Amino acid sequence: MTTTGEKQELTIRLCGPRGFCAGVDRAIQIVVLALKKYGPPVYVRHEIVHNRYVVEGLQERGAIFVEELDEIPEEHRHCPVVFSAHGVPKSVPADAQARNLFYLDATCPLVSKVHKQAMRHQRLGRHVILIGHAGHPEVIGTMGQLDEGSVSLVETVEDALRFEPPAGQPLGFVTQTTLSVDDTAGIIEALKQRFPDIQAPAAESICYATTNRQEAVKAAAPGTDLFLIVGAPNSSNSRRLVEVAEKAGTKRGLLVQRAAEIPWDEIRDISVMGLSAGASAPEIIVAEIIEAFRQRYDVTLDLAITAVEDETFPVNRELRDVPLTTEDMAFVNGTL
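Please read these numbers as outputs of a predicted model, since none were measured by experiment.

The rules we used
Residues numbered from 1 in each chain as written. Predicted model: local features only at pLDDT ≥ 70, side-chain atom pairs only at ≥ 80, totals over all residues. Heavy atoms only, no water. Helix = DSSP H or I, 4+ residues; strand = E, 2+ residues; numbered from the N terminus. Rg over C-alpha atoms; globule rule 2.2 N^0.38 Å. Buried < 20%, exposed > 50% of the residue type's maximum accessible area, 1.4 Å probe, protein only. Contact = heavy atoms within 4.5 Å. Lys, Arg positive; Asp, Glu negative; His and termini not counted. Charge placed at Lys NZ, Arg CZ, Asp CG, Glu CD. Patch = residues over 30% accessible without salt bridge, like charges linked within 9 Å, V, L, I, M, F, W, Y side chains within 5 Å. Areas by Shrake-Rupley, 256 points an atom, 1.4 Å probe, with all protein chains shown as cover. Salt bridge = Lys/Arg side-chain N within 4 Å of Asp/Glu carboxyl O. Pairing = 2+ DSSP bridges. Axes fitted to C-alpha atoms, helices over the stretch in contact; angles between N-to-C directions. 1 Å grid on protein atoms, 1.4 Å probe; cavity = no way out; pocket = protein on both sides within 12 Å on 5 of 7 lines; lining within 4 Å. Points joined across faces, edges and corners; volume = space filled by probe spheres on them. Nonpolar A, V, L, I, M, F, W, Y, C, P; charged D, E, K, R; others polar. Expected span 1.5 Å × (residues − 1). Arc of directions from axis to C-beta.

Caption draft 1: The overall build of the chain, seen in detail. Across its full length, the chain holds 11 helices and 13 strands. The C-alpha radius of gyration computed for the chain amounts to 21 Å, which stays within 12% of the reference 20 Å derived for 336 residues, consistent with globular compactness. Seen along its three principal axes, the alpha-carbon backbone of the chain occupies a region of about 70 × 55 × 30 Å. For the chain, with 336 residues in total, the buried portion stands at 54%. Long-range contacts, defined as pairs at least 24 residues apart, comprise 77% of the intrachain contacts of the chain with a sequence gap of at least 6. Side-chain charges of the chain comprise 33 positive and 46 negative groups, with the mean position of each set lying 4 Å from the other.

Caption draft 2: A nonpolar patch on the surface, seen in detail. Where nonpolar side chains cluster on the molecular surface, the patch consists of Leu303, Ile305 and Val308 and spans about 350 Å² of accessible area. Relative to the elements of secondary structure, leucine 303 occurs in strand β13 (residues 297–305).

Caption draft 3: How the structure looks around the sheet that holds strand β3 (residues 42–45). On the basis of which strands lie adjacent, the open sheet formed by four strands has the order β4-β3-β5-β6 and parallel pairing. Looking at the sheet topology across the chains shown, the edges are occupied by β4 (63–66) and β6 (103–105). Looking at each pair of strands side by side, their axes are set apart by 25° on average, direction ignored. Inspection of the sheet shows β3 paired to β4 by four bridges, in the parallel sense. Paired with arginine 45 across the bridge in β4 is valine 66. Contacts between helix α1 (residues 22–38) and the sheet are confined to β3, β4, β5 (81–83) and β6, with β6 contributing the most and set at about 155° to the helix.

Caption draft 4: Here's a closer look at the layout of surface pockets. Each pocket or cavity is described by its volume, and for the largest pocket that value is around 240 Å³. As for the largest pocket, its lining consists of 15 residues, and the residues nearest its centre are Pro17, Arg18, Arg213, Val308 and Glu309. Within the residue set of the lining of the largest pocket, elements represented by two or more residues are α8 (208–220) and β13. For the lining of the largest pocket, the residue count by class is nine nonpolar, one polar and five charged.

Caption draft 5: α1, seen in detail. For α1, which comprises 17 residues, the first-to-last C-alpha distance of 24 Å matches the rise-based estimate of 24 Å (1.5 Å per residue) to within 8%. Summarising burial for α1: 14 of the 17 residues are buried, a large majority.

Caption draft 6: Up close: helix α4 (residues 109–123). In this model, α4 (15 residues) spans 21 Å end to end at C-alpha, consistent with the 21 Å of a helix rising 1.5 Å per residue. Turning to α4, its buried residues number three or more, namely Leu110, Val111, Val114, His115, Gln117, Ala118 and His121. What you see down the axis of α4 is that its buried residues fit within an arc of 160°, all on one side. Turned more than 90 degrees from where α4 packs its buried face, Lys116 and Arg123 sit exposed.

As structure tokens, this is what we get:
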């Protein structure tokens, strides 16, 4: 153990890219812009992104979160409703139209791309295999684009080995955007060995941000005593980052939402720590966690940058005429 004065020395390998991706940034911006243009309340179906800090910040601005459209009171049917970044089944916009609701779709464009890939498979007569996690909103949304019985969910290599396709029907596959790249490769390989004619999507399904964050964690993890991932327990991409860190060599991976969740008594004797954040975790929490470690350790930051992201996705046409203040942009970017 090396100490400087009374504090133990600690090197934090800070990953880049980390935190908000373009799809999350766009989704949060849509809610903020809708609140500015139409005034509160703005309803949001499901968490706009999987992060309590973001959700609570939007609630303070006037957003109301619901799980289903029938929770919107009759007297608020004129208020906008926003669909989350994870995407929704086709039945949801149809229900909104039947209720005469004005809705804004904040589905990440990369999730929408997977929807189109799945629908293309179906249009070409293929039975669709969706590689993903049961119950995740993105999986529910993607399966909800297709006719009942035309899509099967495969979660593991074991599922792929057990899967029995409809007799005589060609196959095509797509994947949830937030999966582990390495784990998904194993599932795809198992499917291809069993079904050599299975058709891949026209383009990669796992999104660039998921891949970039996993590659940065993979590069930073070897030799670390601890690897902290900032993210929510229900965030698929954040949970995958913990798994990637552990497979890449860290002694312990840990998912935390805030600095208050760090089990300080369990991690005292560490000298090298990795730190990254899932795609829905704001940078302000990363800063909060670094500060918490500075209070307890003599911290040296070591940047572990493996890619630079400059992607942006435009918001809905209805909102493009609404200006954002500097404070609005700081919230949207996760620095406030």
